[in-house]
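Chain and residue survey
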Amino acid sequence: MSEPKSKQFENIYYGLSNSPGILKLAPSGLGWKTPDSESIVTISAEEFKKVQWMRVARDYQLKFALKNGNAARFDGFPKENFESLREIIRTNYKLNLETKEICVKGWNWGETDFQGSQLLFNASKKTSFEIPLSHVSNTNLQNKCEVSLEFMQPEQFGEESQSRNHRNPTHELVEMRFYIPGSTKVLFFEEVREKADLTQVSGEGIVLFNDVLLLTPRGRYDIEMFSSFFRLRGKTYDYKVQYSSVGSLFLLPKLDDLHEMFVVGLDPPLRQGQTLYPFLVLQFKKEEEKEFNLNLEAEVIEKEYGGKLETSYDAEIYHVFSIVFSVLTKRKIIKPSSFKSQHDEVAVKCSLKANEGYLYPLEKCFLFIPKPPTLIKTSEIEKVIFTRVSATAVKAPITSARTFDLKFRMKGNFEYQFSSINREEFEHLEEYFRSKKVITENDTSDTQTIQTFINDISGSSDEEMIPASKRRQSESMPIDGEDSDSVDEDFQLEDTDSDVAEEFDENYAGAGSSSDETEPPRKK
C-alpha cells in the first residue's frame, strides 16, 4: 500500500463561493483558501464519514460527508482527476471514493430525504439536487399544501466581497416552494425548521423585546437579538436576519408626540412571498418604560463591544432597543436634522401616491415613512420641482390651493412625487434645499392654467359659458324635465289641482274641457 501523501488542486470552488481557490488534501485533513484571502477552511480527517464523486454544474464535485451531519463540497475537478483522487482518499483516509449518479430528467415531483443538515430531492431513485439547510434563512406554511424555503444570500454567510464586487453579477436562488398535500406538510415544515436551526428557544439570545409593533411589514413581532443576527417571530412569519444585512438605522419621532419610530434598512430585503421589504419600520410608545437584563457578562461587554452596553437597563423601550441594536449591528443611528417646519416639527406631512405619511429632511437624505418607506439620498438628486405653489395667490375656491406638490428628479432619470404638502411649509423646505445646495425649480404651468381659468370665468357672461351647441338646442326646442331658474309666464297656480282631480275624481274630464262638453255617465 502506498504511503500517505499530500496533493494540491487549483481552481477549485468551495460550497457556493464565486471565487476559485486551492484545495490541499493532506493525511491530517484538508485545507482550502483563495489567493486573495487570508482565511483558510480546514477540516480534520477524523470528521470524514464518506466521500462521493458526482457530476455538477461546475465540472465534477468532491463531496465530503461529515460525521456531524454536515457536508463539504468542492467543485471544479476535471474528469481526469478521478483516479488520482481515489488513490489519495484510499491512502490518506482509508475511505472509498463513491461515484454518485444525479437524476437529470428534469422532473419536478419526487421524494425528499433529510440527511443530517442536508435536504435531498430524489426523483427516479436518484438525487436531483441537494439543499444545505444551514443556508435556509426562513421557512413558512404558505397555504394548505405549500411550504416555502427562503435562502440566505452570499453576503449573509461571509461572501460579501465576492458577491458584491464580482465583475459579472450572478443570479442567486432566493426562494423555493414545495407542494406537499396532506398532513405530511406540517412534518416537513417542522423538520426544516429544526435542521435549519430556526427553532432556537426564546431566551437564548442577548435580549428579547416582546410584542413590538411593525408598521412595515404590518404586524406584531417578538424581536430577539443574538450576537450575529436577530429573530422576528410573528403569528404567521418567522425571520432570521443577519446583522451583516443591516445597512442604515434611523430613530425619528412621530409627529403625534406619542410615538418614536425606529427604521432598519436591509440588504437583501425581507421577503413575504413575492413582496420585498427593504425597510423595517418599528413603532414604540414614547413614554413606555421597562427593565431589561442583557444576557452578557461585564467582561464580554468590555471586550467584544468596547463597553458600549450595560448589563441592565431601566428606561424607555425605544431607547434601550436603539442602543442595543446599534451596538450589535455596529451601525450609527441617524437622527433628525436641523430642519424645522412651520409648527416646529422635524418632518412634513404629505402623501406618496395614495399613502399618507411623513417626509423627514435629514442631513444627507430624505426619508418617507411609514409606507412605503422611501429613502432619497441628497447626492443623487438632480433637482427639486415645486408645483402648484402659487395657487394660493389666486382668489378662487379651489381646494388644492392650500397645498402644493414636491417632485424629486433623480440623476438616474426617475422621479418621486409627494403631494398634499401644507402651503405653509414651502418657505421652510425651499430654505432647507438651498442650505443643502440642491437645485430647486418652480413649475408655473399649473398656476398659469388656473389663473387663465379664473380670468375666463370672471370675464365671461352666463350665456358665453354655455357651449354653442347647447345654446342652439335650447333656442330651437325645450328640453323635457330640464330645471330652470326663470319664471314661466304661462304657468297658472290654480291649475295645480288638476293632477289631484285627475287621479282621484272619476268625473274629471281633463284640462281644457268645459262642463257642457262632458259626456253623461254611461249606464251599467
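As the structure is a prediction and not an experimental result, all values here were calculated from the model.

Before going further, it helps to spend a moment on the sheet that holds strand E10 (residues 118-123). Taken in spatial order, the 3 strands line up as E9-E10-E11 in an open sheet, and their pairing is antiparallel. The open sheet has two free edges, formed respectively by strand E9 (111-115) and strand E11 (126-132), since each of these has just one partner strand. The mean inter-strand angle of the sheet, taken between neighbouring strand axes irrespective of direction, is 25°. Looking at chain direction, E9 and E10 are connected through 5 bridges and run antiparallel. Across the sheet, Asp113 pairs through a bridge with Leu120, a residue of E10. Against the sheet, helix H3 (residues 184-195) makes contact with E9 and E10, and its axis sits at roughly 30° relative to E9, the strand it touches most.

This part is about helix H5 (residues 317-329). An ideal rise of 1.5 Å per residue puts 18 Å on 13 residues; H5 measures up with 18 Å between its terminal C-alpha atoms. Here H5 has its buried residues at Ile317, Tyr318, Val320, Phe321, Ser322, Val324, Phe325, Ser326, Val327, Leu328 and Thr329. Among the residues trailing H5, Lys330 stands out with phi positive, at a value near 60°.

Per the stated rule, a full pass over the model turns up 22 salt bridges. In this structure, Glu224 engages Arg233 in a salt bridge whose closest nitrogen and oxygen atoms are separated by 2.9 Å. Taken individually, Glu224 and Arg233 each receive the classification buried, so the pair is uniform in this respect. Among the salt bridges present, the one from Glu363 reaches Lys436, with a minimum N-O distance of 2.7 Å. With a gap of 73 residues between them, Glu363 in the loop between strand E26 (355-361) and strand E27 (365-369) and Lys436 in the loop between helix H6 (426-435) and strand E32 (440-443) connect regions that are remote in the sequence. With relative accessibility at 24%, the residue Lys436 sits in the partly exposed group. Each of the salt bridges in this network shares a partner with another, and the network as a whole consists of Lys63, Arg73, Lys100 and Glu130.

With that settled, the discussion passes to the packing of aromatic side chains. Under the defined criterion, the tally for this structure stands at 37 aromatic pairs. On the basis of an interplanar angle of 70° and a centroid distance of 5.5 Å, the ring pair of Phe9 and Phe77 is categorised as edge-to-face. Of this pair, Phe9 sits in strand E1 (residues 7-14) while Phe77 sits in strand E7 (residues 71-77), and the two are 68 residues apart along the sequence. Geometrically, the ring pair formed by Phe230 and Tyr243 is stacked, given 6.1 Å between the ring centres and 20° between the ring planes. Residue Phe230 is found in strand E17 (residues 229-233), and its partner Tyr243 is found in the loop between strand E18 (238-242) and strand E19 (246-253); the two are separated by 13 residues along the sequence. Given the relative accessible area of 2%, Phe230 is considered buried. What links up through ring pairs into an aromatic cluster is the set Phe339, Phe366, Phe368, Phe386, Phe404, Phe408, Phe418, Phe426, Tyr432 and Phe433. The aromatic ring of Tyr60 is capped on one face by Arg55, whose charged end is 5.3 Å from the ring centroid. One cation-aromatic arrangement involves Lys240 over Phe229; the distance from NZ or CZ to the ring centre is 4.8 Å.

Let us now look at the nonpolar core. By size, the foremost hydrophobic cluster in this structure holds 41 residues, and its most contacted members are Met225, Phe230, Leu282 and Leu309. Per element, the largest residue contribution to this core is 8 residues, and it comes from H5. Once residues lying within four places of it in the same chain are set aside, the contact partners of Leu282 are Val212, Leu213, Leu214, Ile223, Glu260, Met261, Phe262, Val264 and Phe321.

So, on to the environment of Thr387. On the secondary structure map, Thr387 appears in strand E29 (residues 381-387). Taking relative accessible area as the criterion, Thr387 reaches 5% and is therefore assigned buried. With 54 residues separating them along the chain, Thr387 and Glu441 place their C-alpha atoms 8.7 Å apart.

With that out of the way, let us pick up the sheet that holds strand E14 (residues 175-179). Strands sit in the order E12-E13-E14 across an open sheet of 3 strands; the sheet is antiparallel. With one partner strand each, in any of the chains shown, strand E12 (136-141) and E14 form the two edges of the open sheet. On average, each strand axis in the sheet is inclined to that of its neighbour by 20°, with strand direction left out of account. As defined by bridge partners, E12 adjoins strand E13 (residues 146-151) across 5 bridges and the pair is classed as antiparallel. Within E13, the position partnered with Leu141 by the bridge is Val147.

Before going further, it helps to spend a moment on H6. Every buried residue of H6 is listed here: Phe426, Leu429, Glu430, Tyr432 and Phe433. Burial along H6 is one-sided: seen end-on, the buried residues are contained in an arc of 160°. Residues of H6 that are exposed and point more than 90 degrees away from the buried face comprise Glu431 and Arg434. Those residues of H6 that are buried lie in contact with E26, E27, E29, strand E30 (403-410), strand E31 (415-422) and E32. Looking at the residues trailing H6, positive phi occurs at Lys437, about 60°.

For the rest of this paragraph, the subject is a positive patch on the surface. Positive charge collects at one region of the surface, where Lys308, Lys330, Lys332 and Lys364 lie side by side. In this fold, Lys308 is placed in the loop between helix H4 (298-304) and strand E23 (312-316).

The rules behind these values
Residues numbered from 1 in each chain as written. Predicted model: local features only at pLDDT ≥ 70, side-chain atom pairs only at ≥ 80, totals over all residues. Heavy atoms only, no water. Pairing = 2+ DSSP bridges. Helix = DSSP H or I, 4+ residues; strand = E, 2+ residues; numbered from the N terminus. Axes fitted to C-alpha atoms, helices over the stretch in contact; angles between N-to-C directions. Contact = heavy atoms within 4.5 Å. Expected span 1.5 Å × (residues − 1). Buried < 20%, exposed > 50% of the residue type's maximum accessible area, 1.4 Å probe, protein only. Salt bridge = Lys/Arg side-chain N within 4 Å of Asp/Glu carboxyl O. Phe/Tyr/Trp six-rings, centres within 6.5 Å; stacked < 30°, edge-to-face > 60°. Lys NZ or Arg CZ within 6 Å of the ring centre and 35° of its normal. Core = buried A, V, L, I, M, F, W, Y, C linked by side-chain atoms within 4.5 Å. Arc of directions from axis to C-beta. Patch = residues over 30% accessible without salt bridge, like charges linked within 9 Å, V, L, I, M, F, W, Y side chains within 5 Å. Areas by Shrake-Rupley, 256 points an atom, 1.4 Å probe, with all protein chains shown as cover. Lys, Arg positive; Asp, Glu negative; His and termini not counted. Charge placed at Lys NZ, Arg CZ, Asp CG, Glu CD.

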